[in-house]
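In case you want the letters, here they are:
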Amino acid sequence: MADYTPQDLDRKWQQRWASSRAFEVVADPSRPKFYCLEMFAYPSGHAHVGHVRNYIIGDVMARLKRMLGYNVLHPFGWDAFGLPAENAAIKSGIHPETSTRGNIAHMKGQLQRLGISYAWERELATCDPEYYKWNQWLFIRMFEKGLAYRRRSSVNWCPSCRTVLANEQVVDGGCWRCGTSVETRDLEQWFFRITAYADELLESTATLTKWPEKVLTMQRNWIGRSEGARVKFLLEGTPGAPIEVFTTRIDTIYGATFVLLAPEHPLVADLAAASPDPASFRQQVQAFRLQDRAARMSGEAEKQGFDTGVRVVNPFTGEAVPVWVANFVLGEYGTGAVMAVPAHDQRDFEFARKFGLPIRVVVTPDGQPSDAASLDEAADAYGTLVGSGEYSGLPSAEAQTRMIADARTKGIGEGTVQFRLKDWGISRQRYWGTPIPMIYCDTDGIVPVPDDQLPVVLPTIAEFTGRGDSPLAQVPEFVNVACPTCGRPARRETDTMDTFVDSSWYFYRFADPRNDRMPFDPAAVQYWLPVDFYSGGVEHAILHLIYSRFFARVFRDLGLVDHGEPFTQLLTQGMVLKDGAVMSKSKGNVVDPDSMLQKYGADALRLYVMFVAPPEKEVEWTDTGLEGSFRFLARVWRLVDHWCETIDGEGIDSPDLCVNLTAAERSLRRKTHDTIRRVTVDIEQRQQLNTAVSAMMELVNELYAFSEGTITGGPSHRTDEDVEHAGQTERRETVCVVRESVEALVRMLAPFAPHTAEELWAALGHEAGLAAATWPTFRADVARADELVIPVQVNGKVRGRLTVPAEIADAELEALALADTGVQAHTAGKTVRKVVVAKGRLVSIVVA
RNA sequence: GCGGAAGUGGCGGAAUUGGCAGACGCGCUAGCCUCAGGAGCUAGUUCCCGCAAGGGAGUGAAGGUUCGAGUCCUUUCUUCCGCACCA
């Protein structure tokens, strides 16, 4: 064999895999399936090693599962729509289609050069009309079911560029291009009713037993279920709709000394109109609304408010209390109005102190009345009610139940559940996305594009100005359309969809990516889904992973799939840092995989990235670590080179048939099988890929030590049955044992270093390649040691070691331990109080 | 503020069920090999005392449970991450 030149191997095997379509699969219900998926990529141009880590993790899993006999679906695609390409078009004039296609081609080449085993024939890009057609189809189905609806909502607006800005385009409260201070504007926009599934999305987190607890916690917090009550406060003196508040602490309602409205509350405009000085009123409200959104929501901003002059009646006390507008009350949560209980809520407390509003204590720890003047912060703990009429003396929890029941009886309120999760606004005033397939007709109103006219193709735009409202609104031949119902002139929707829509179901499309009649054949999805192993960045813990769970339920309720959860197991991989920072082009600390590939080959890079730390952990990139992995592969290469001609041959038996193995040979077999166990468990069950690599390194070290012994150790072991091969003479037993070990090693290396493993496997005489190889089988009987070294502790310190048969009885072990000279040095003249024998592990002696 | 995760040699990290702390790798040291070594092989490498044998200490800190704790419990410190005026 020649020297280890991985670059040649990379090329050779990548070509063979491609020409043999090695990783393409078809559904086969007679075989167990495994759907292995990494989050698809935004085609930014170049993948750096941080991105690549994720693909390698998935590839190790996919390649292992193939060798274990699973029918493995391992596809890849491109999250190809998105703002960066459009921003680039505005700056450089290059059309998003052009830059995106170019970036995809480059990144695909990078992944292929890494030898990631994707079923490339299933590749998809979300900017393909064949893909986004089904976004549109699904949107219409959701519209029909009331899951997609339209309402007014605010967006960021740059008055200078006269354009809507995405949140990412707002930098420090200003426009990303001109710095002009951003305003909010109300526009009619489309929403998905994800809140219809809020309870289910929350409750089913309990079934996601193979997801990181961290992600589940984040999702639960994001959904933010809270139980409470809605209570109506009637306007004093004026007939009309009451102000409804949401509270989780109805037990404190006797302490509600005022009511607060969000500036966005619908009643605020009416109150302004009716006020003595409407102009000043409106000006104050407007001032709150212009406050930087982030600052207003951050909790650090100064609490501000003003009295509307209107009073409402507390339905429990009958007392009239003032209504204020406050900058910190959120319009989009609850009812946009809250009852303020300053004694028992810190925000209300601060507000009351600032504006001299009354504070009344109605819950105390012991049920004894207490004076509000002594408070220096709100007392928000549960306790016993005081000064609360008929409810005084009740504990908070019981009071809540009774008060909610009474409110319901009297028609002044009811118990309710409130979610922090809001409906998902999907309208984007952008070009590079899926056109929303809706038509506005003066006669027929909102009309979906008929299915047979899908897709609504994104028109090609020549110039990107970054000015004006939705770019599509500036394309008359796109906008103007005949109404599908009445045929009269109508207008198309000119907004495009949030790209999270694209990524919420792509994993279904991979099951049947070329279907032109449906988003996918339910039978294909029935076989392949759910995704068994999904890996990607933790930054998607909330949005993408909740939206996908939502879509799975939408598909389920459309009768297209029969499961609820799309991802059985989730792995969130850590980032790769360079010089302590996340890699980014702007920081100039990007490690380019291609230059590493040229120097060390794909396998060294793959192995290093897997070896350096467990997949979930952040890692710091080091070139010396990569060199270490290269050295290991070269060491394996030389090992196989040394042995391959000796052990490659007909008539080599299984080591099971060898009865008279030497101690060294038995020890090597033991190490081999123990390694098989460790590597298998580490990858398949623990996803602890770093220790799987360590285990293989240990085996290689053992094989080196063993090889020294047999090659230079002389003829003492030799018998008449020696095998004569290629000038090397070895005991037949040695050949059997080494062959078993080396062949296991090469196959275990295959998921990590597939190119090298393929070459070595061929060198060992296996012409069919690793595609035909199976994962080595662990044999507990072989791995079991026949002798153990048992440490003996005296008062917690190791004072001796006993080499004993593995099957030794506890009593005998105890006797040996007590008789050991090293132990006796520490027990002499003392009384043995206790002896604990931990079977097969240790003996612990207590003396005094 | 709330929630989550984590603190182990010079460094990245191991320790699977409460049972020999530091596997494996990087780095470093020495020897061998070599014209040479930024290649390879072998040995060593937690800290302190000691020529050595050996002894002592040791997993952020302080307590506790236990024959035995990196692992379990309590308190505490630090770091990272997420959420953050959600009533």
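A. Geometry of the overall build of chain A. Helix and strand counts for chain A stand at 26 helices and 36 strands. On the principal axes, the C-alpha backbone points of chain A span a range of 115 × 85 × 50 Å. Burial statistics for chain A: of 848 residues in total, 53% are counted as buried. Of the contacts formed within chain A by residues at least 6 apart in sequence, a portion of 71% connects residues at least 24 apart. Total accessible area computed for chain A in this model is approximately 36800 Å², and 50% of it derives from carbon and sulfur atoms.

B. Representation of helix α12 (residues 396–410). Given a rise of 1.5 Å per residue, 15 residues ought to cover 21 Å, and the 21 Å separating the end C-alpha atoms of α12 matches this to within 8%. Every buried residue of α12 is listed here: S396, A399, Q400, M403 and A407. Looking down the long axis of α12, one finds its buried residues gathered within 100 degrees of arc, a one-sided arrangement. Facing away from the buried side of α12 by over 90 degrees, the exposed positions are T401, R408 and T409. In the core, the buried residues of α12 are packed alongside β16 (363–364), β17 (384–385) and β18 (413–419). Two residues or fewer past α12, G411 is found with a positive phi of approximately 70 degrees.

C. Just the nonpolar core, in detail. Core analysis: the largest hydrophobic core is formed by 184 residues, its most contacted members being W78, F192, Y508, F550, W621, I683 and F752. Per element, the largest residue contribution to this core is 11 residues, and it comes from helix α19 (residues 623–647). Ranked by size, the runner-up nonpolar core spans 38 residues in total, among them V231, L271, V321 and V341.

D. Region of the structure containing empty space enclosed by the protein. With the rule as written, the count across this model stands at two cavities of 30 Å³ or more. There is about 30 Å³ of room inside the second largest cavity. In terms of lining residues, the second largest cavity is bounded by R53, V576, Y608, V609, V612, V619 and W621. For the lining of the second largest cavity, the residue count by class is six nonpolar, no polar and one charged.

E. Quick look at the sheet that holds strand β2 (residues 71–73). Reading across from one edge, β2-β1-β26-β27 is the order of the four strands in this open sheet, with parallel pairing throughout. The sheet is open, and its two borders are formed by β2 and β27 (570–573), each paired with just one other strand. On average, adjacent strands in this sheet sit at an angle of 20 degrees to one another, irrespective of strand direction. Relative to strand β26 (residues 533–537), strand β1 (residues 33–38) runs parallel, the two sharing three bridges. Note that in β26 the partner of E38 across the bridge is S535. Taken strand by strand, helix α2 (residues 49–67) contacts β1, β2, β26 and β27, and its axis lies near 170 degrees from that of β1.

F. Quick peek at the sheet that holds strand β5 (residues 148–158). An order of β6-β5-β9-β19 is seen for the four strands of this open sheet, with the pairing classed as antiparallel. Strand pairing shows two members of the sheet lacking a second neighbour, β6 (163–165) and β19 (424–425), which therefore form its edges. Pairing between strand β9 (residues 183–192) and β19: two bridges, direction antiparallel. Bridge assignment links F191 to a residue of β19, and that residue is G425.

G. Structural view of the packing of helix α22 (residues 732–749) against helix α23 (residues 754–763). Axis separation between α22 and α23 bottoms out at 8 Å; the angle between their running directions is 150 degrees. Here α23 runs roughly antiparallel to α22, going by the angle between their axes. Seen along the crossing, α22 lies across α23 with a hand that is left-handed. Taking contact as the criterion, the partners of E743, V746, R747 and L749 in α22 are, on α23, P754, A757, L760 and W761. For the contact of α22 with α23, the per-class residue count stands at six nonpolar, no polar and two charged.

H. Seen up close, helix α11 (residues 346–355). Restricting attention to buried positions, one finds in α11 the residues D348, F349, F351 and A352. Axial view of α11: buried residues confined to an arc of 165 degrees, hence all on one face. Two residues or fewer past α11, G356 is found with a positive phi of approximately 70 degrees.

I. Structural view of a negative patch on the surface. A cluster of like negative charges, contributed by D3, D641, E645 and D648, occupies part of the molecular surface. Here D648 is to be found in the loop between α19 and α20 (663–685). Looking at D648, the relative accessible area reads 30%, which means it is partly exposed.

J. How the structure looks around the side chain of Q136. Counting through the fold element by element, Q136 comes out in helix α5 (residues 129–144). Accessibility expressed as a relative area gives 0% for Q136, which makes it buried. Beyond its immediate chain neighbours, meaning those up to four positions away, Q136 contacts T434, P435, P437, L454, P455, V456 and M497.

K. Structural context of the packing of aromatic side chains. Per the stated rule, a full pass over the model turns up 52 aromatic pairs. Between the aromatic rings of F76 and Y118, the centroid separation amounts to 4.7 Å while the plane-to-plane angle is 25 degrees, which identifies the pairing as stacked. You can see F76 sitting in the loop between β2 and β3 (77–78) and its partner Y118 sitting in the loop between α4 (96–113) and β4 (124–125), a full 42 residues away along the chain. With respect to burial, F76 and Y118 carry one shared label: buried. Here the guanidinium or amino end of R420 rests over the ring plane of W222, the centre of that ring lying 4.6 Å away. A cation sits over an aromatic face here: R635 above Y704, 4.0 Å from the ring centre.

L. Spotlight on the environment of R347. As for its position among the elements, R347 is in helix α11. Between the C-alpha atoms of R347 and A105, which are 242 residues apart in sequence, the distance is 54 Å. Setting aside residues no more than four positions away along its own chain, R347 makes contact with K303 and F328.

M. Spatial organisation of the environment of E183. Along the chain, the position of E183 falls in strand β9. In this structure, the C-alpha to C-alpha distance between E183 and S154, residues 29 residues apart in sequence, is 9.6 Å. Discounting chain neighbours no more than four positions away, the residues touching E183 are V155, N156, W157 and P159.

N. Looking closely at the pairing of strand β34 (residues 797–805). The pairing of strand β33 (residues 787–794) with β34 spans eight bridges and is antiparallel. Within β34, the residue paired with V794 across the bridge is K797.

O. Highlighting unusual backbone geometry. With an omega of 0 degrees, the peptide bond running from L454 to P455 counts as cis. Within the fold, P455 resides in the loop between β22 (445–448) and α13 (476–479). With an omega of -5 degrees, the peptide bond between L529 and P530 qualifies as cis. As for its placement among the helices and strands, P530 is situated in the loop between α16 (522–528) and β26. One non-glycine residue, N795, lies in positive phi territory at about 50 degrees. Mapped onto the fold, N795 is located in the loop between β33 and β34. A relative accessible area of 46% places N795 in the partly exposed class.

P. Structural context of the confidence of the model for chain A. Averaged over every residue, the pLDDT of chain A is 89; residues scoring 70 or more account for 95%. Of the regions scoring below 50 in pLDDT, residues 709–727 engages in 30 contacts with residues more than four places distant in sequence or in other chains. In the model output, the complex is listed with pTM 0.92 alongside ipTM 0.94.

About the criteria used
- Residue numbers run consecutively from 1 along every chain, following the written order of its sequence.
- For this description, chains carry letters from A and ligands carry numbers from 1, given in the order in which they are written.
- pLDDT decides what is reported in this predicted model: residues at 70 or higher carry local features, side-chain atom pairs at 80 or more are listed and counted, and totals for whole chains, interfaces and linings draw on all residues regardless.
- Hydrogens and water are ignored here; the side-chain numbers use all heavy atoms of the structure.
- Numbering of helices and strands starts at the N terminus; helices are DSSP runs of H or I of at least 4 residues and strands are runs of E of at least 2.
- Residue exposure (1.4 Å probe, protein chains only): buried if accessible area is under 20% of the type maximum, exposed if over 50%, otherwise partly exposed.
- Working rule for contacts: check all heavy atoms of both residues, and any pair within 4.5 Å makes them a contact.
- Only the protein chains shown count as cover for residues, and all accessible areas are computed by the Shrake-Rupley method using a 1.4 Å probe.
- Expected helix span is computed as 1.5 Å times (number of residues minus one).
- Arc definition: directions from the helix axis to the C-beta atoms.
- Within this scheme, the nonpolar core is defined by two criteria: the residues are buried Ala, Val, Leu, Ile, Met, Phe, Trp, Tyr or Cys, and they are joined through side-chain atoms within 4.5 Å.
- Cavities and pockets are found on a 1 Å grid laid over the protein atoms alone: a cavity is a set of points where a 1.4 Å probe fits but cannot escape, a pocket is an open set with protein on both sides within 12 Å along at least five of seven lines, and a lining residue has an atom within 4 Å of such a point.
- Grid points are joined across faces, edges and corners, and a volume is the space filled by probe spheres set on the points.
- Only Asp, Glu, Lys and Arg are considered charged in this grouping, and only Ala, Val, Leu, Ile, Met, Phe, Trp, Tyr, Cys and Pro are considered nonpolar; every other residue, Gly among them, is considered polar.
- Note on pairing: two strands pair once DSSP finds at least 2 bridges between them.
- Note on geometry: axes are lines fitted to C-alpha atoms, helical ones only across the stretch in contact, with angles between N-to-C directions running from 0 to 180 degrees.
- Angles below 35 degrees are treated as roughly parallel, those above 145 as roughly antiparallel, those between 65 and 115 as roughly perpendicular, and all remaining angles as oblique.
- The crossing is said to be left-handed when, going from far helix to near helix, the turn is anticlockwise and less than a right angle, and right-handed when the turn is clockwise.
- Patch construction takes residues with relative accessible area above 30% that form no salt bridge. Like charges are linked within 9 Å, and nonpolar side chains (Val, Leu, Ile, Met, Phe, Trp, Tyr) are linked within 5 Å.
- A carboxyl oxygen of Asp or Glu within 4 Å of a side-chain nitrogen of Lys or Arg is what we treat as a salt bridge.
- Counting rule for charge: Lys and Arg are taken as positive, Asp and Glu as negative, and neither His nor the chain ends is counted.
- All charge positions are set by atom: Lys at NZ, Arg at CZ, Asp at CG, Glu at CD.
- Working definition: rings of Phe, Tyr and Trp (its six-membered ring) pair if their centres are within 6.5 Å, and the pair is stacked with planes under 30 degrees apart, edge-to-face with planes over 60 apart, and tilted otherwise.
- Whether a charge sits over a ring comes down to the Lys NZ or Arg CZ being within 6 Å of the ring centre and within 35 degrees of the ring normal.
- The predictor's confidence in any single residue is recorded as pLDDT, a number from 0 to 100.

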